[in-house]
Amino acid sequence: NIWYHKRLGDRPAKRTDPSEHRCDPERDSGETKADSMPGKHFLCLYFARGKCVHGHRCQYYHRIPTEDDLKSIPVTHDIFGRERHTTDRDDMGGTGNFNRDNRTLYVGGLKNSRTNLEDTIRKEFGKYGEVEYVRVIPSR
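Now for a look at the structure at hand. Bear in mind that the values here come from a model prediction, so they are computed numbers and not experimental data.

**A word on the overall build of the protein chain**
Assigned secondary structure in the protein chain consists of five helices and zero strands. Reading the helices (α) and strands (β) of the protein chain from amino to carboxyl end gives α-α-α-α-α. A burial count over the protein chain gives 17% of its 140 residues as buried. Intrachain contacts of the protein chain at a sequence separation of at least 6 include 43% that bridge at least 24 residues. Here the protein chain has roughly 11800 Å² of accessible surface; of this, 51% comes from carbon and sulfur atoms.

Here it is, written out as structure tokens:
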């Protein structure tokens, strides 16, 4: 389908495929349908992953969450609208629970070829908000 930049025989993209682009909040944030529609809306998970194909027609916000966003969502959901539960999953996956805030982000599969890996992580994730602490574990 030429309208979606696909040709016959192209392998369809999967949600688990790595994104071709990284989301840059300063460059990529903008108005969507969520800004003009009444009611509560969540942030776009696919925008955060650099994979939203809807652009300005998306029903979710394309921006960094604000304090007002955090206050307006129910405690039973995360900022992307995913349901939170009373306890963590056994495999520690998912969105966490609503009895406590999780402030830990695990990033795996990094090659420690850079000497300043901690600074690079702090710089890249700092675009989304304050980074309090970075610890690199080379064996993981």
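**Considering the pattern of salt bridges**
Tallying each qualifying case throughout the model produces four salt bridges. A salt bridge links Arg63 to Asp69, with the shortest nitrogen-to-oxygen separation between them at 2.4 Å. On the basis of relative accessibility, which here comes to 25%, the residue Arg63 falls in the partly exposed class. For Asp69, a relative accessible area of 10% corresponds to the buried category.

**Regarding the nonpolar core**
The nonpolar side chains of soluble globular proteins are, as a tendency, buried together. Residues Ala34, Leu43, Tyr61, Ile73 and Ile79 constitute the largest nonpolar core, which totals five residues. Other than its neighbours up to four places away in sequence, Ile73 contacts Phe42, Asp78 and Ile79.

**Description of a nonpolar patch on the surface**
A cluster of nonpolar side chains, contributed by Leu105, Val107, Leu110, Phe125 and Tyr128, occupies part of the molecular surface with about 430 Å² of accessible area. By the element assignment, Val107 lies in the loop between helix H4 (67-72) and helix H5 (117-126).

**So, the packing of aromatic side chains**
According to the stated counting rule, one finds zero aromatic pairs in the structure shown. Lying over the aromatic face of Tyr61, Arg63 brings its terminal NZ or CZ to 4.1 Å of the ring centre.

**Describing the side chain of His41**
Tracing the sequence through the fold places His41 in the loop between helix H2 (33-36) and helix H3 (45-48). You can call His41 buried: its relative accessible area is 16%. One polar contact links the side chain of His41 to the main-chain carbonyl oxygen of Met37, over a distance of 3.3 Å. Beyond its immediate stretch of four places on either side in the chain, His41 contacts Ala34, Gln59 and Tyr61.

**Let's talk about the environment of Thr32**
Inspection of the secondary structure assignment puts Thr32 in the loop between helix H1 (25-28) and H2. In this structure Thr32 comes out as buried when scored by relative accessible area, which is 6%. Residues Thr32 and Tyr61, 29 residues apart in the sequence, show an inter-C-alpha distance of 6.2 Å. Aside from chain neighbours lying at most four places away, what touches Thr32 is Gly55, His56, Cys58, Tyr60, Tyr61 and His62.

What counts and how
Residues numbered from 1 in each chain as written. Predicted model: local features only at pLDDT ≥ 70, side-chain atom pairs only at ≥ 80, totals over all residues. Heavy atoms only, no water. Helix = DSSP H or I, 4+ residues; strand = E, 2+ residues; numbered from the N terminus. Buried < 20%, exposed > 50% of the residue type's maximum accessible area, 1.4 Å probe, protein only. Contact = heavy atoms within 4.5 Å. Areas by Shrake-Rupley, 256 points an atom, 1.4 Å probe, with all protein chains shown as cover. Salt bridge = Lys/Arg side-chain N within 4 Å of Asp/Glu carboxyl O. Core = buried A, V, L, I, M, F, W, Y, C linked by side-chain atoms within 4.5 Å. Patch = residues over 30% accessible without salt bridge, like charges linked within 9 Å, V, L, I, M, F, W, Y side chains within 5 Å. Phe/Tyr/Trp six-rings, centres within 6.5 Å; stacked < 30°, edge-to-face > 60°. Lys NZ or Arg CZ within 6 Å of the ring centre and 35° of its normal. Polar contact = N/O pair within 3.5 Å; in protein donor to acceptor, adjacent residues only side chain to side chain.

Honestly, it's all geometry; don't read function into it.
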